[in-house]
Amino acid sequence: MDHISPIVHVAGIEFDLAVIAMILITSILVFVLAKLAVRNISVTNPTKLQNFLEWVIEFVQNIIGTSMDLKKGRPYLILGLTLIMYIFVGDMLGLPLGIVTEVHHGATFLGMDLFLDGEEEAHIAWWKSPTADVAVTGALTIIVVLLTHIEGLRLNTKHYLKHYVEPHWLFLPLALIKEVSKPLSLALRLYGNIFAGEVMIAVILGMGVWGIPALVVWQGFSVFVGAIQAFVFCMLTMVYMSQAIVHEEHGEQH
């Protein structure tokens, strides 16, 4: 029997309880990790967590430095740091374990009816990577795209709108297609890789004890894929931000 998501309907809107729970868990884990890293901050005797966080900060600074001048990109350090940590932790959550329950038609959760899509009974997956849901990656992408447009209009007002019709207004459709393709590729790339990885884990688990060696190898590979996807999402965010706030012809911020 396939695993489905615990969907509830509130005011005609569908809410995936598993995704909401995993978003909260990811947010809490990232916050606690950052808080512990700076709890006993020291210049002379840093903790291992502090060293790790400092390494991540330097890593994000290098990402920003490859796409724009670091002085102009410094305000986006926290954005990049949040994205790379949140996405990486989210990517990892579905690897170590899974929580699945069996429910029957008409079951409720916290007083709300669970939607089984016509099934009399189903196995509900409560624990998974939040980034394995396209709604989550799409929401992250919308935030990034809105920020890039806002910053472009704020810091590069003179050139930002003009570049859509350069060198000729006939290029406007191509420019619009490019703008639409950016968020689509950003969201679907992350979602596709993480979702495919979790599907593969489910297939390997179906092999029973014979799948244990393959599961170990695949989980190790999934850690690598999750790290790469967090890096790519952060890097592309900074590239898009650079394209928005920096004049492409003169390399000057307006």
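Colleague: Whenever I open this one, the overall build of the chain confuses me. Can you help?
Modeller: Of the regular secondary structure elements, the chain holds eight helices and seven strands. Expressed as a percentage of the 254 residues in the chain, the buried residues total 39%. Restricting to contacts in the chain with at least 6 residues of sequence separation, those with at least 24 account for 70%. Of the roughly 14800 Å² that the chain leaves accessible, carbon and sulfur atoms contribute 70%.

Colleague: Would you take a moment to explain the nonpolar core for this structure?
Modeller: The nonpolar side chains of a soluble globular protein tend to be buried with one another. Core analysis: the largest hydrophobic core is formed by 39 residues, its most contacted members being Val60, Ile84, Phe233 and Ile245. Elements with a minimum of two residues in this core: α1 (17–37), α2 (48–67), α4 (77–93), α5 (134–155), α7 (172–205) and α8 (212–245). A per-element tally of this core places α8 first, with ten residues. Beyond its immediate sequence surroundings of up to four residues, Val60 is in contact with Leu77, Gly80, Leu81, Ile84 and Cys234. Of all hydrophobic cores here, the second largest spans five residues; its members include Leu95, Ile201, Ile204 and Leu215.

Colleague: Sorry if this is basic, but what is going on with the pattern of salt bridges here?
Modeller: It is possible for side chains bearing opposite charge to pair when their charged atoms get close. Scanning all chains against the criterion turns up two salt bridges. In this structure, the salt-bridge partner of Glu151 is Arg154, at a minimum N-O distance of 2.9 Å. You can see Glu151 and its partner Arg154 sitting in helix α5, three residues apart, about one turn around the helix.

Colleague: Explain a nonpolar patch on the surface here, please?
Modeller: Together, Val10, Ile13, Phe15, Ile20, Leu24, Ile28, Phe31, Val32, Leu36, Leu49, Phe52 and Trp55 make up an exposed nonpolar region whose accessible area comes to about 1100 Å². Mapped onto the nonpolar patch, the elements with two or more residues apiece are β3 (13–16), α1 and α2. Among the elements that line the nonpolar patch, the one with the most residues is α1, at six residues. With respect to the helices and strands, Phe31 occurs in helix α1. The class of Phe31 is exposed, set by a relative accessible area of 56%.

Colleague: Whenever I open this one, the packing of α5 against α7 confuses me. Can you help?
Modeller: Each pair of packed helices can be summarised by the angle the axes make with each other and by the distance between the axes. Packing of α5 against α7 brings their axes to within 8 Å, and their N-to-C directions diverge by 145 degrees. Two packed elements cross with a definite hand, and for α5 against α7 that hand is right-handed. Every residue of α7 that contacts α5 at Val134, Thr137, Gly138, Thr141, Val144, Val145 and His149 is listed here: Glu179, Pro183, Leu186, Ala187, Leu188, Leu190 and Tyr191. A class-by-class count of the residues in the contact of α5 with α7 yields nine nonpolar, four polar and one charged.

Colleague: Can you walk me through the environment of Glu151 in this structure?
Modeller: Given the relative accessible area of 11%, Glu151 is considered buried. It is 6.4 Å that separates the C-alpha atoms of Glu151 and Ile245, two residues lying 94 residues apart in sequence. Not counting residues within four places of it along the chain, the set of residues in contact with Glu151 comprises Tyr76, Asn156, Met241 and Ile245.

Calculation rules
- Residues numbered from 1 in each chain as written.
- Predicted model: local features only at pLDDT ≥ 70, side-chain atom pairs only at ≥ 80, totals over all residues.
- Heavy atoms only, no water.
- Helix = DSSP H or I, 4+ residues; strand = E, 2+ residues; numbered from the N terminus.
- Buried < 20%, exposed > 50% of the residue type's maximum accessible area, 1.4 Å probe, protein only.
- Contact = heavy atoms within 4.5 Å.
- Areas by Shrake-Rupley, 256 points an atom, 1.4 Å probe, with all protein chains shown as cover.
- Core = buried A, V, L, I, M, F, W, Y, C linked by side-chain atoms within 4.5 Å.
- Salt bridge = Lys/Arg side-chain N within 4 Å of Asp/Glu carboxyl O.
- Patch = residues over 30% accessible without salt bridge, like charges linked within 9 Å, V, L, I, M, F, W, Y side chains within 5 Å.
- Axes fitted to C-alpha atoms, helices over the stretch in contact; angles between N-to-C directions.
- Left-handed = near helix turned anticlockwise from the far one by under 90°.
- Nonpolar A, V, L, I, M, F, W, Y, C, P; charged D, E, K, R; others polar.

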